[in-house]
Amino acid sequence: MEDRNRDDEHSGDQLHGVTLDGPVHTGRGAMGQFSDDGQWWWDGANWVATAQVVLPQLPPTEFEASAQLADARRRAKKGGRVWEWTDTIYPLAAFRLVALGDLLPALSVYRSWKLAQMALATTYLLGPDEPMLAGELASVTREESAPVLAVAVTSAHVLVFRLDSLDGQPRWIVLAGRASDVKLTVRTGIEKVLLLPALLVTGKYGKAVIGGLPGMFHLFKPQPVLDAWRQAADGVAMNR
């Protein structure tokens, strides 16, 4: 069965009626696996082009069930108002410290919530036997309209998700690949100063930038992701 599926993966642009130019397909089932090149995902019944997979609504996490998320939203809204207010009146710029007093704790909860959602999304795609080991999401984008991306690393794969919004969930897959076929690096030197910290994810068929805030804010932690990726890449390479 595996040999037949592997042949199907590379037999052309159409697999089981799915084409790259066809309508968007929603993945079904939690028995998924990715093709070796990461371009196709098995939903338990069909091979679906990775770029066309749309994740369904994920189950709620512990954050929705508790008061943490509601409080974080309240503090983010309050801090955002103060920040915008002081942005127009220079003498009041010092009050941004007051805004950060609300924004930073709120963003910390948001980050933890998104990581919990990414873990659920990873399990949906790869099953419970290959959970997310580490992950990080973008807290900074070059443009306000830019998509919010997040990266997850498992024992064998690297996945880059696109969230439908910061207040939403992982909805699409930007990049998927075996850990040994993907390279993860961080910005260093003058680029880190001018462009802010970032995880750079490069695969066979694309790249993604997961941008973060400076380390003093403690909201961007790429090292666990790098450590998990190196361990996974070594393990995949040894098993080939």
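Note that the structure is a prediction, hence the values are computed from the model and not measured.

**With respect to the overall build of the protein**
Along the backbone of the protein there are six helices and 14 strands. Going through the 240 residues of the protein one by one, you find that 42% of them count as buried. A separation of at least 24 residues holds for 55% of the contacts in the protein among residues at least 6 apart in sequence. Of the roughly 13,000 Å² that the protein leaves accessible, carbon and sulfur atoms contribute 56%.

**Examining the pairing of strand β11 (residues 170-178)**
Sheet topology places strand β10 (residues 157-163) next to β11; seven bridges connect them, and they run antiparallel. Counted as the bridge partner of Phe 161 is Ile 173 from β11. Connecting the antiparallel pair β10 and β11 is a turn made up of six residues.

**So, the packing of aromatic side chains**
Applying the stated criterion across every chain yields a total of three aromatic pairs. Where Trp 42 meets Trp 47, the ring centres are 5.3 Å apart and the plane angle is 55°; that geometry is what we call tilted. Summarising the burial analysis for this pair, Trp 42 and Trp 47 share the class buried. Lying over the aromatic face of Trp 113, Lys 114 brings its terminal NZ or CZ to 3.5 Å of the ring centre. A cation over a ring is seen here: Arg 162 above Trp 172, with NZ or CZ 5.0 Å from the ring centre.

**Quick word on the confidence of the model for the protein**
Predicted coordinates in regions of low pLDDT should not be interpreted in detail. Taken residue by residue, the protein gives an average pLDDT of 76. The fraction at 70 or more is 63%. Within the model, the stretch residues 81-86 combines pLDDT values under 50 with eleven contacts to residues more than four positions away or in other chains. Low pLDDT (under 50) marks residues 89-99, which in the prediction has eleven contacts with non-local residues, meaning those over four places away or in another chain.

**Section: the side chain of His 157**
As for its position among the elements, His 157 is in strand β10. Polar side-chain contacts of His 157 include one of 2.7 Å to the side chain of Glu 130. Once you skip the residues sitting within four places of it in the chain, His 157 turns out to touch Phe 34, Leu 126, Glu 130, Ala 152, Gly 177, Arg 178 and Ala 179.

**Quick notes on the pattern of salt bridges**
Across all of its chains, the model carries four salt bridges by this definition. Here Glu 136 ties to Arg 111 by a salt bridge, and the two come within 2.8 Å at their closest N and O atoms. With a gap of 25 residues between them, Glu 136 in strand β8 (residues 134-137) and Arg 111 in helix α4 (residues 96-126) connect regions that are remote in the sequence. Relative accessible area serves as the criterion here: at 14%, Arg 111 is assigned to the buried category.

**Regarding the environment of Asp 43**
Residue placement: Asp 43 occurs in the loop between β5 (40-42) and β6 (47-49). A polar contact of 2.8 Å, which involves the side chain of Asp 43, links it to the backbone nitrogen of Ala 45. Only 2.6 Å separates the side chain of Asp 43 from the backbone nitrogen of Asn 46, close enough to count as a polar contact.

Cut-offs used in this document
Residues numbered from 1 in each chain as written. Predicted model: local features only at pLDDT ≥ 70, side-chain atom pairs only at ≥ 80, totals over all residues. Heavy atoms only, no water. Helix = DSSP H or I, 4+ residues; strand = E, 2+ residues; numbered from the N terminus. Buried < 20%, exposed > 50% of the residue type's maximum accessible area, 1.4 Å probe, protein only. Contact = heavy atoms within 4.5 Å. Areas by Shrake-Rupley, 256 points an atom, 1.4 Å probe, with all protein chains shown as cover. Pairing = 2+ DSSP bridges. Phe/Tyr/Trp six-rings, centres within 6.5 Å; stacked < 30°, edge-to-face > 60°. Lys NZ or Arg CZ within 6 Å of the ring centre and 35° of its normal. pLDDT = per-residue confidence, 0-100. Polar contact = N/O pair within 3.5 Å; in protein donor to acceptor, adjacent residues only side chain to side chain. Salt bridge = Lys/Arg side-chain N within 4 Å of Asp/Glu carboxyl O.

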